[in-house]
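Now for the letters of each chain:
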Amino acid sequence: MRYPNSWNQVKRLSALIAFILAGASNAPAGDNDQKNLDEQIKGEERAVLTDAPNVPPAITRKNATKVIVHLEVKEVEGEISSGVRYVFWTFGGKVPGKFIRIREGDLVEFHLDNHPSSKMPHNIDLHAVTGPGGGAASSFTAPGHSSVFSFKALNPGLYIYHCATAPVAMHVANGMYGLILVEPKGGLPKVDYEYYVVQGDFYTKGKNGDKGLQPFSMVKAIDERPDYVVFNGSTSSLLEDRALPVKAGETVRLFIGNGGPNMTSSFHVIGEIFDRVWPEGNTNTVTENVATTMIPAGSAAIVDFKVNVPGNYVLVDHSLTRAFNKGALGMIKASGEENKLVYSGKISDEVFLPEGSGIRVADQKSAKAPVATSKVERVAAGRAVYAANCAACHQSNGEGIPHAFPPLAKADFLNADKLRAIKVVTGGLTGKVTVNGQEFNGVMPAWSLSDEDIANVLSYVYASWGNSGKEVTAQEVKANRVKVGAKGQVVE
Amino acid sequence: MKRVFADDHYLAQWPTNLSFAKGLAKSPVTSVSWFAAEAYCEWKGKSLPTTDQWEYAASESGKDAEKMKEKILAWYERPTKAKIPPVGSGSVNRFGIHDLFGLVWEWTLDFNGLIQSAEARESGSKDTNQFCGSGSLGALDPTDYASFMRYSFRNSLKANFTVASLGFRCAREAP
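A brief structural summary. (Residues numbered from 1 in each chain as written. Chains lettered and ligands numbered in written order. Predicted model: local features only at pLDDT ≥ 70, side-chain atom pairs only at ≥ 80, totals over all residues. Heavy atoms only, no water.)

### A word on the packing of helix H9 (residues 418-427) of chain A against helix H10 (residues 451-463) of chain A
Residues and elements named next belong to chain A.
Alright, step 1. Taken N-terminus to C-terminus, the directions of H9 and H10 make an angle of 125°; their axes are 11 Å apart at the nearest point. Relative to H10, the element H9 lies oblique. Read as a crossing pair, H9 and H10 show a hand that is right-handed. Taking contact as the criterion, the partners of Lys418, Ala421, Ile422, Val425 and Thr426 in H9 are, on H10, Ile454, Leu458 and Tyr462.
Alright, step 2. Split into classes, the residues belonging to the contact of H9 with H10 amount to six nonpolar, one polar and one charged. (Axes fitted to C-alpha atoms, helices over the stretch in contact; angles between N-to-C directions. Helix = DSSP H or I, 4+ residues; strand = E, 2+ residues; numbered from the N terminus. Parallel < 35°, antiparallel > 145°, perpendicular 65-115°, else oblique. Left-handed = near helix turned anticlockwise from the far one by under 90°. Contact = heavy atoms within 4.5 Å. Nonpolar A, V, L, I, M, F, W, Y, C, P; charged D, E, K, R; others polar.)

### A look at the sheet that holds strand E9 (residues 177-183) of chain A
All names here are of chain A.
Alright, step 1. Across the sheet, four strands lie side by side as E4-E9-E8-E6; this open sheet has mixed pairing. The open sheet has two free edges, formed respectively by strand E4 (100-103) and strand E6 (125-126), since each of these has just one partner strand.
Alright, step 2. Pairing geometry for E6 and strand E8 (residues 157-162), over two bridges, is antiparallel. Across the sheet, residue Leu126 finds its bridge partner in E8, namely Tyr161. (Pairing = 2+ DSSP bridges.)

### Description of the sheet that holds strand E10 (residues 193-202) of chain A
All names here are of chain A.
Alright, step 1. Taken in spatial order, the six strands of this open sheet run E12-E10-E14-E19-E16-E17, and their pairing is mixed. Looking at the sheet topology across the chains shown, the edges are occupied by strand E12 (228-231) and strand E17 (287-290). When strand polarity is set aside, the average angle formed by the axes of neighbouring strands in this sheet is 25°.
Alright, step 2. For strand E16 (residues 274-278) and E17, the ladder comprises three bridges, and the chain directions are antiparallel. Across the sheet, residue Phe274 finds its bridge partner in E17, namely Val290.

### Some remarks on the interface of chain B and chain A
Alright, step 1. On the side of chain A, 35 residues touch chain B, which itself brings 31 residues to the contact.
Alright, step 2. For the pairing of chain B and chain A, the buried interface totals around 2800 Å² over both sides, and the portion due to carbon and sulfur atoms is 66%.
Alright, step 3. Taken together, the connections running from chain B to chain A amount to zero salt bridges.
Alright, step 4. Summed over the shared surface of chain B and chain A, the number is eight residue pairs in polar contact (both at pLDDT 80 or more).
Alright, step 5. Counting residues per element, the ones that place at least two in the side of chain B that touches chain A are helix H3 (65-76) and helix H4 (145-155) of chain B.
Alright, step 6. Of all the elements, H4(B) adds the most residues to the side of chain B that touches chain A, at six residues.
Alright, step 7. Along the lines of polarity and charge, the residues of the side of chain B that touches chain A split into 16 nonpolar, nine polar and six charged. (Buried area = accessible area lost by both parts, 1.4 Å probe. Salt bridge = Lys/Arg side-chain N within 4 Å of Asp/Glu carboxyl O. Polar contact = N/O pair within 3.5 Å; in protein donor to acceptor, adjacent residues only side chain to side chain.)

Below, the structure is given as structure tokens:
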């Protein structure tokens, strides 16, 4: 919406807002529920279920239908991190559970099948269900058995589902959660890619990184001290060859859930701004231009963004030790053409000289330095000054470093002008300079060395590495040095 | 396989009515219904232990109760192995009772007598909080996950159910 630019527009806008508010407040709560309850069921289909990070295809039909869902509970041993095994309890064999996609108004016939090898009974609480336990009360299932119940999808949105068998927190901590999307009539805006990611926190007997089969730690779970916080059940589920592929210039949607059981996620994708977010999975309210969105435990969000430039985009829980120490990292890999206008990449690396401290204050000697009485003494004393102040950049052999620090050995720029050399050392040098045919574009700071030291170091440089052998005296330095003011500015 | 008051998994590991794989001879019998288990015990002049009897026996967890709790929890959370270890291969407690944990779940006479609601979180409502197997807030020790799992398991059963990790033992009054 544009900002109004006249009072007439303000008036019209106010009237519109009043109308919208009145409309909203007049609709009794549950009005839409009733419409969805009344919507006639036509036909029957079996739900397409997918493992993360894949999402079933968008629903295109214009009517409500009967959808049959078969979800199989399996207890499986898997890898939570490199070399670290864990027994996951799953809806469908993986963490998170299968993605279920239905439409608002659909009638769902839900079969919860508990595999005969399960040690535990399980049930399911779908937050998309209206009624006691969200289905849990009707789906409590012993190993080797199957429960059936049905529900009508009254509210659109993206919802978590999870096991609710005692001890509930343990069933959830072992990975028993997934997402169900109740697509609104008319669907969601079209995007090029849809992916499915769920964060969860895990509690192991050993600490993060301890190898082998790690049992669940009840104590750490109760204390809310997770050893792992991960996306899609493992520290590496979305890394390297499992990174989510996209193309630059295309749009991506993440259905991002948080199974918990305990941690709230501060979900962020490094280097992206979500163009659209439906917070808490509420498909009726879209918000725009969000970088980090909060996802409560037992909730979800839908985020859309256009990837403008190629590269890697890292998914994190921005509670950062979870990302960088406990595993909450994933990656989107975007291929395609660079767009330097959107993002230039690194243009240059220059030495940063903060204002007021641009002068390198060389180590002050407490004792009065001896004064050289001959060129030989001057060159000998200059070697130490060079080693202490110059060699780090120009190197002890005077060769410098290509593209960064100009050479002093056989250097045309140096040999051409002795007085200029004094000015460079005392006043510094910034910007382009060509030495022996090579261009350099850097910064050399001004040096606060004494006239004697500068005379010595320059005489040493001129006497070394095939240079002209000129001598520089303290008097010449004094007469030609660049004066530097208290704030570091050059005073001519 | 003939089935009387039992579901389709009844003695699933037996190829015929009167035979089983040799390797199973020392392992506990599983995949039997409550009816079959109780009938067997009665034939031996005994009966299934009550839940109270079973829990009392199991409450004697040796010197290091915490460590035992951890061990129990670790066993409960692992899926059932295809071959169950032989009877007597597990731990023995100070009552001299073997294998209460580590081999199989066990039927009790009144397995469904403690009503934990199928909706495990519905705690504190007056019809369930008189039972220690009820929802988490009504329990005496809400941090004892292993007990929850046991009560939860029993509560998921019906008498004709059979489960690959569910066996039984018989009990009688001391003379």
